[in-house]
Amino acid sequence: MTQLHEPIHRVIQFIAVAVYRMFPRAVPLLLGMACFAASPLIATAQASAGSKGGTLLIYGDSLSASYGIDVQRGWPALLSQWIATNNPRLRVVNRSLSGETTHGGLQRMKRALIQENPSHVILALGANDGLRGLSLTQTEENLRQMIRLAKSHGARVLLVGIALPPNYGEDFTRRFAAIYPRLSRELAVPLVPFMLEGFATDLSYFQADRIHPNERAQPLILETILSGLTPMLRGAP
């Protein structure tokens, strides 16, 4: 935009000089022309700076609430540190809740969106639905409505998927896993397919319950989240 504006700027500058030589008292007119010439450049600079601000809302369950570990060592805290270095104008808020289902998340989301007014949302729910054997149809619909709510408030959404242990049956686990890529395609939101990518079968990365990742796993989760979040923060579709 700046390159396209430059010739116009030079033309207006030339006219302003000519007007001043002919009519020295026409200073207000000259000032108006100068403001007109500069305003697109100022707007462009402001838009560029403002595009890196906003609020990033993390909206998940115990996997995002640092369950069983020091909160400051959980991946959301590590993400906050990364954001502070790489995008300091972006505020990070974690509204994750241990034990949360997609139904509960949907009930809370409208208030969270109003209170936090996020520019970006990391939506990482569904694990408790699957572990409790809840309706897959309802889980998918709850996620769909949350994505639509966030987008209707002007937020960009990163959907984070999860997978179930194989003991839940091949058919159920397969249909559960298919929910996330399907919603990603349908609603045109970026997807991190599996939050626990790279260590899900290694028990050394889990707490004694074999469900919740330990502190050692948190940097790996952060790396996985950033694989989807970084392009979104840069404006990639």
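Residues numbered from 1 in each chain as written. Predicted model: local features only at pLDDT ≥ 70, side-chain atom pairs only at ≥ 80, totals over all residues. Heavy atoms only, no water.

A. Region of interest: the packing of helix 4 (residues 102–116) against helix 6 (residues 136–152). One way to put it is that helix 4 packs onto helix 6 with a least axis distance of 9 Å and a crossing angle of 10°. One way to sum up the angle between helix 4 and helix 6 is to call them roughly parallel. Packed against helix 4, whose contacting residues are Thr-102, His-103, Gly-105, Leu-106, Met-109, Lys-110 and Leu-113, the element helix 6 presents Thr-139, Asn-142, Leu-143, Gln-145, Met-146, Leu-149 and Ala-150 at the interface. Here the contact of helix 4 with helix 6 is built from residues that sort into 7 nonpolar, 6 polar and 1 charged. (Axes fitted to C-alpha atoms, helices over the stretch in contact; angles between N-to-C directions. Helix = DSSP H or I, 4+ residues; strand = E, 2+ residues; numbered from the N terminus. Parallel < 35°, antiparallel > 145°, perpendicular 65-115°, else oblique. Contact = heavy atoms within 4.5 Å. Nonpolar A, V, L, I, M, F, W, Y, C, P; charged D, E, K, R; others polar.)

B. Spotlight on empty space enclosed by the protein. One pass over the full model with this rule turns up 2 cavities of 30 Å³ or more. In terms of lining residues, the largest cavity is bounded by Asp-61, Leu-63, Ala-124, Leu-125, Ala-127, Val-160, Gly-161, Ile-162, Tyr-180 and Met-195. Here the residues of the lining of the largest cavity sort into 8 nonpolar, 1 polar and 1 charged. By volume, the second largest cavity is sized at about 40 Å³. In terms of lining residues, the second largest cavity is bounded by Ser-62, Leu-63, Ser-66, Tyr-67, Ile-69, His-212, Pro-213 and Gln-218. Here the lining of the second largest cavity is built from residues that sort into 4 nonpolar, 4 polar and no charged. (1 Å grid on protein atoms, 1.4 Å probe; cavity = no way out; pocket = protein on both sides within 12 Å on 5 of 7 lines; lining within 4 Å. Points joined across faces, edges and corners; volume = space filled by probe spheres on them.)

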